[in-house]
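The residues making up each chain are set out below.
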Amino acid sequence: HGDVPTVRGAAIIADGGNVVWQLKIEKKFASSPMRIGVQHPQVRVGLNWNDRMCVGKAWYMDSQGDMYDGPNIYTETDAEYKAGDLVQISLGYNRLTYSINGTKVRGELEGIKGEVQLAVQLFHKGDRIVLVSQHVPSEEEEEELEQQEEQRHQQFLEKKQKDMEREERELQEKRDK
């Protein structure tokens, strides 16, 4: 595959840590790919994230809006980013979410384990991206995030319970016929 120009942040985020980054795409050649995500600090700088050695070690969204875990496509979205766009990446509770120019991108990358750092892969000479901000939540914000995570988990459990009850009714109806 060959090396890919890679830039990575200095901050190492602990496993399960919460952080929000904002990046401005200053220059991007229209047809060239770009990848924005996180990687384990141990991933060699320049290693193409499409390499199978990056499974479970590099998670990213490419400029066509597809989300990956290493070379494996995780979620396809219609969200694309281009020159002039502001891309926000939120890492929290081992999940990575994105927004482009303030609009949340559908889908998320889950199962991000271990220490990670922000990283970008550029494929066209002259492409440029700038880190606008990095925000680590305060203790109060962290508590609010934990409450949101608990609510999300509770909603998930309630939905799962309703789905199981519905499936059980459907099975019973089939048996009764």
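Note: the structure precedes this text.
Every residue gets a number counted from 1 within its own chain, in the order that chain's sequence is written. Confidence filtering applies because this is a predicted model: local features only for residues at pLDDT of at least 70, side-chain atom pairs given and counted only at 80 or more, and all residues used for totals across whole chains, interfaces and linings. Note: side-chain values were computed over all heavy atoms of the structure, leaving out hydrogens and water.

*Asks:* Honestly, the nonpolar core in this entry has me stumped. Any pointers?
*Replies:* Grouped burial of nonpolar side chains is what soluble globular proteins tend to show. Take the buried Ala, Val, Leu, Ile, Met, Phe, Trp, Tyr and Cys residues and link them wherever side-chain atoms come within 4.5 Å; each set so joined is a nonpolar core. The buried label applies to any residue whose accessible area, calculated with a 1.4 Å probe on protein chains only, is under 20% of its type's maximum; exposed applies above 50%, and partly exposed to all values in between. Counting 27 residues, the largest nonpolar core has I36, I89, L96 and Y98 as its most contacted members. Broken down by secondary-structure element, the contributors of at least two residues to this core are β2 (19-27), β3 (34-39), β4 (58-62), β7 (86-92), β8 (95-100) and β11 (117-122). Runs of H or I in DSSP of at least four residues are treated as helices and runs of E of at least two as strands, each being numbered from the N terminus. Ranked by the residues each element gives to this core, the list is headed by β2, at 4 residues. Formed by 8 residues, the second largest nonpolar core is a distinct cluster that contains L47, W49, Y68 and A119.

*Asks:* For this particular structure, what's the right way to read the pairing of strand β5 (residues 66-69)?
*Replies:* Side-chain direction in a regular strand flips from residue to residue, so the side chains alternate between the two faces of the sheet. Because side chains alternate across β5, one face comprises the buried residues D66 and Y68, and the other comprises M67 and D69, equally buried. In this scheme, strands are said to pair when DSSP sees at least two bridges between them. From the end of β4 to the start of β5, which pair antiparallel, there are 3 residues, and G65 there has a positive phi angle of about 90°.

*Asks:* Please explain the environment of F123 as it appears in this structure.
*Replies:* Tracing the chain through its elements places F123 in the loop between β11 and β12 (128-135). Of the residues examined, F123 reaches a relative accessible area of 33% and is grouped as partly exposed. Distance in space between the C-alpha atoms of F123 and K160 is 43 Å, their sequence separation being 37 residues.

*Asks:* How do you make sense of unusual backbone geometry when you look at a structure like this?
*Replies:* What is expected of a backbone is that most residues other than glycine have negative phi and most peptide bonds are trans. The backbone phi angle of Y93 is positive, close to 50°, even though this residue is not glycine. In this structure, Y93 sits in the loop between β7 and β8. Taking the relative accessible area as the measure of exposure, Y93 reaches 24% and is therefore partly exposed.

*Asks:* What am I meant to see in the sheet that holds strand β6 (residues 72-76) here?
*Replies:* Sheet strands pair by backbone hydrogen bonding; their relative direction is either parallel or antiparallel. Ordered in space as β1-β11-β3-β4-β5-β6, the 6 strands form an open sheet in which the pairing is antiparallel. If you trace the sheet from one side to the other, it starts and ends with β1 (6-8) and β6, each paired once. Each strand axis lies, on average, 25° off the axis of its neighbour in the sheet, ignoring direction. Alignment of β3 against β11, held across 6 bridges, turns out to be antiparallel. Axis definition: a line fitted to C-alpha atoms, over the contacting stretch in the case of helices. Angles run 0 to 180 degrees between N-to-C directions.

*Asks:* Would you mind showing me how to read the packing of aromatic side chains here?
*Replies:* How two aromatic rings sit relative to each other is given by the distance of their centres and the angle of their planes. Aromatic pairs are defined between Phe, Tyr and Trp rings, using the six-membered ring for Trp, whenever the two ring centres lie within 6.5 Å; interplanar angles under 30 degrees are classed as stacked, those over 60 as edge-to-face, and all others as tilted. Evaluated as defined, the whole model comprises 2 aromatic pairs. Consider the rings of W49 and Y60, whose centres lie 5.1 Å apart with planes at 40°: the pair is tilted. Of this pair, W49 sits in the loop between β3 and β4 while Y60 sits in strand β4; the two residues are 11 residues apart in sequence, bridging distant segments of the chain. Judged by its relative accessible area of 0%, W49 falls in the buried class. Judged by centre distance (5.1 Å) and plane angle (10°), the ring pair of Y60 and Y68 falls under stacked. As far as burial versus exposure is concerned, Y60 and Y68 are alike and both buried.

*Asks:* What is the right way to read the side chain of Q39 from this model?
*Replies:* Along the chain, Q39 turns up in strand β3. According to the relative accessible area criterion, Q39 is buried, its value standing at 1%. Beyond its immediate chain neighbours, meaning those up to four positions away, Q39 contacts T6, R8, W49, K57, A58, E115, V116, Q117 and A119. For this analysis, residues touch if any pair of their heavy atoms sits within 4.5 Å.

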